[in-house]
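# Notes for the structure review
Residue-level listing of the chains:
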Amino acid sequence: MKIENHILDILQLYEYAMAIGKSSDYKESCDLFLKLLLKRKNLNASWILEKNENHLQSSYSIPLGDEVKKEQNASIATVLEDVKVSKLLTADDVLASIAPIEIESGVVAIFNLDAQGYLFLYTKKDNISLKDITQLQPVINKFSTSLKACKAFSAQEKLLKSLEIQNQELSDYAHMVSHDLKSPLRSIDTLTAWLKDDYSDKLDASGNKNLGLIRNSVEKMDTLINGILAYSTIGKNRFEVYDVDLNNLVKDVLSLIRIPDHIDIITQDLPVIKGDKYRLQQLFQNLITNAVAYNDKDKGLVEIDVKDQNEFWQFSVKDNGIGIEETYFEKIFKTFQKLENNEASTGIGLSIVKKIVDLYGGTIWLTSELGKGTTFYFTLKKQSNGTA
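These lines cover the structure that appears in this document, whether it is placed above or below. All residue numbers refer to position in the chain's written sequence, counted from 1. Totals for whole chains, interfaces and linings use every residue, but because this is a predicted model, local features are given only for residues with pLDDT of at least 70 and side-chain atom pairs only at 80 or more, for both listing and counting. Side-chain measures were taken over the full set of non-hydrogen atoms in the model, leaving aside hydrogen atoms and water.

## Considering the environment of Phe312
Just so we agree on the cut-off: Under the scheme used here, helices are H or I runs from DSSP no shorter than 4 residues and strands are E runs no shorter than 2 residues, and both carry numbers assigned from the N terminus. Each residue is assigned to one of three classes by its accessible area relative to the maximum for its type, calculated with a 1.4 Å probe on protein chains only: buried under 20%, partly exposed between the two thresholds, exposed over 50%. Two residues form a contact once any of their heavy atoms are found within 4.5 Å.
With respect to the helices, strands and loops of the structure, Phe312 is situated in strand S11 (residues 312-319). Overall, Phe312 belongs to the partly exposed group, its relative accessible area being 23%. Expressed as a C-alpha distance, the spacing of Phe312 and Phe378, which sit 66 residues apart in the sequence, is 9.7 Å. Not counting residues within four places of it along the chain, the set of residues in contact with Phe312 comprises Lys307, Gly361, Gly362, Thr379, Leu380, Lys381 and Lys382.

As structure tokens, this is what we get:
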């Protein structure tokens, strides 16, 4: 019966050692396993010392004792360098110097936890033997592995939390700066409008031209600010997805942008997809606007098409415009990167497009030939997880 109980104890310890990997709290993980270990083996104390450069530092102990931060001297190094896997020692002054509690007699079992440091098990009454160490070794190994996973998960959570805070701060900063910039822009726009209305007949051609340039610059700056705001908010908030008829959406887009008389827009029959109308409108509007803006032909053409690709819809927006050099194929999707031959571009439209496509689990790429035109391809998932 004793043997069966012992096996059950080892199995339960092993289960707890596996379970701690699911926890992200270091102390909770140690509590979960080591308290049970001490109780099952009738031990007096346990502690973990981590290696920090040339120091040993306590990170956990039962019972809670004094903090240990000890420089590794020759005697301590001699004790620990032999602990390749585990070791059983009689309690002495050296071990007492790196213990968070007072130890006078008894034995100390030391287990090497690799990068996690060393685990110490202490008993005053010699309640642990070499046989116990051998039986516990696989369990302690699992504890070490799970503890490493726990710490890695905890570090990842802290990193993600830090990134979340930084992203929120950047978003708040973008809104604040945009608001502060828009206020003087509105004033400039209003003042130049008054000047144009009140003094256009008193200004010469050069004066009216310069006034127009000021207003164009204000408009461009306003567009850039709006673009920054749009880019900073994409993906910040989860939003419900619903059926969106892309035929109607593209019609709405074409009614919002100015299409010159010499450019024809041809749209194939588009599907109804799961998504958010606002984001999808941004996506198509930016691509169509680019196709129109970069068209230098007397008879311009923009074609919008779609193909069924099993789990994805593959869309394309094709134009017969100026084309794009291959060296820009990757750059144009980055924020504030733009073609050198278009000073009117803000350099943010295609970065918004890519961010939206990424948000919907798709990819975007292009083919182009200088002087003949460009085709942007992008995919969107047919099935959504309920939110985007």
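## Observations regarding the pairing of strand S10 (residues 300-309)
Stated precisely, the cut-off is as follows: Two strands form a pair only when DSSP identifies at least two bridges running between them.
When strand S8 (residues 263-267) meets S10, the two strands line up parallel, connected through five bridges. When the sheet's bridge partners are listed, Thr267 is paired in S10 with Ile304. Here eight bridges tie S10 to S11, and the two strands are oriented antiparallel to one another. Bridge pairing in S11 links Glu303 to Lys318.

## A short note on helix H3 (residues 74-81)
Our working definition: Note that the arc is computed from the directions linking the helix axis to the C-beta atoms.
By the burial criterion, the buried members of H3 are Ile76, Val79 and Leu80. Angular distribution of buried residues about the axis of H3 spans 90°; they occupy a single face of the element. Against the buried residues of H3 lie strand S2 (55-62), strand S3 (69-71), strand S4 (86-90), helix H4 (93-97), strand S5 (107-112) and strand S6 (118-123).

## Some remarks on the packing of aromatic side chains
So the rule is basically this: For this analysis, a ring pair means two rings from Phe, Tyr or Trp (six-membered ring only for Trp) whose centres lie within 6.5 Å, classed as stacked if their planes differ by under 30 degrees, edge-to-face if by over 60, and tilted for the remaining angles. In this scheme, Lys NZ or Arg CZ marks a charge over a ring once it lies within 6 Å of the ring centre and within 35 degrees of the ring normal.
Inspection of every chain in the model, using the stated rule, returns six aromatic pairs. Ring geometry for Phe315 and Phe378: centres 5.2 Å apart, planes at 20°, overall stacked. In this pair, Phe315 is assigned in strand S11 and Phe378 in strand S13 (residues 373-381), connecting sequence segments 63 residues apart. Relative accessible area serves as the criterion here: at 0%, Phe378 is assigned to the buried category. Here the aromatic cluster, defined as three or more aromatic residues joined through ring pairs, consists of Phe284, Phe315 and Phe378. For Lys331, the ring lying beneath its charged end belongs to Tyr328, and the centroid distance is 5.9 Å. Its guanidinium or amino end placed over the ring of Trp313, Lys382 lies 4.6 Å from that ring's centre, counting from NZ or CZ.

## A short note on the sheet that holds S2
Let me state the cut-off plainly: Angles here are taken between N-to-C directions and fall from 0 to 180 degrees, while the axes themselves are lines fitted to C-alpha atoms, restricted in helices to the stretch in contact.
Reading across the sheet, the six strands line up as S3-S2-S1-S6-S5-S4 and stay open at both edges, with antiparallel pairing between neighbours. Either end of the sheet is taken by a strand with one partner, and the two such strands are S3 and S4. The sheet shows a mean angle of 25° between the axes of neighbouring strands, direction not considered.

## Digging into a nonpolar patch on the surface
Here is the rule: Only residues above 30% relative accessible area that lack a salt bridge enter a patch, with like-charged residues linked at up to 9 Å and the nonpolar side chains Val, Leu, Ile, Met, Phe, Trp and Tyr linked at up to 5 Å. Computed by Shrake-Rupley with a 1.4 Å probe, the accessible areas treat only the displayed protein chains as cover when residues are assessed. Put simply, a salt bridge is a Lys or Arg side-chain nitrogen that is within 4 Å of an Asp or Glu carboxyl oxygen.
On the surface, Leu159, Leu160 and Leu163 cluster together to form a nonpolar patch covering roughly 280 Å² of accessible area. For Leu160, the position within the fold is in helix H5 (residues 130-199).

## Some points on the nonpolar core
Operational definition: Nonpolar cores were defined as sets of buried Ala, Val, Leu, Ile, Met, Phe, Trp, Tyr and Cys residues, with membership established by side-chain atoms within 4.5 Å.
In this structure, Leu246, Leu280, Leu283, Phe284, Phe315 and Phe378 are the most contacted members of the largest nonpolar core, which totals 39 residues. Listing elements by their share of this core, those giving two or more residues are helix H7 (246-256), helix H8 (277-293), S10, S11, helix H9 (349-359), strand S12 (364-369) and S13. Once you skip the residues sitting within four places of it in the chain, Leu280 turns out to touch Val244, Leu246, Leu249, Ile273, Gly275, Tyr360 and Leu380. With 22 residues, the next largest nonpolar core counts Leu38, Leu113, Ile128 and Ile133 among its residues.

## Here we look at unusual backbone geometry
Note that the residue after Ile62, namely Pro63, is joined by a cis bond; omega there is -5°. By the element assignment, Pro63 lies in the loop between S2 and S3. The phi angle at Asp114 is positive, at roughly 60°, despite the residue not being glycine. Relative to the assigned elements, Asp114 resides in the loop between S5 and S6.

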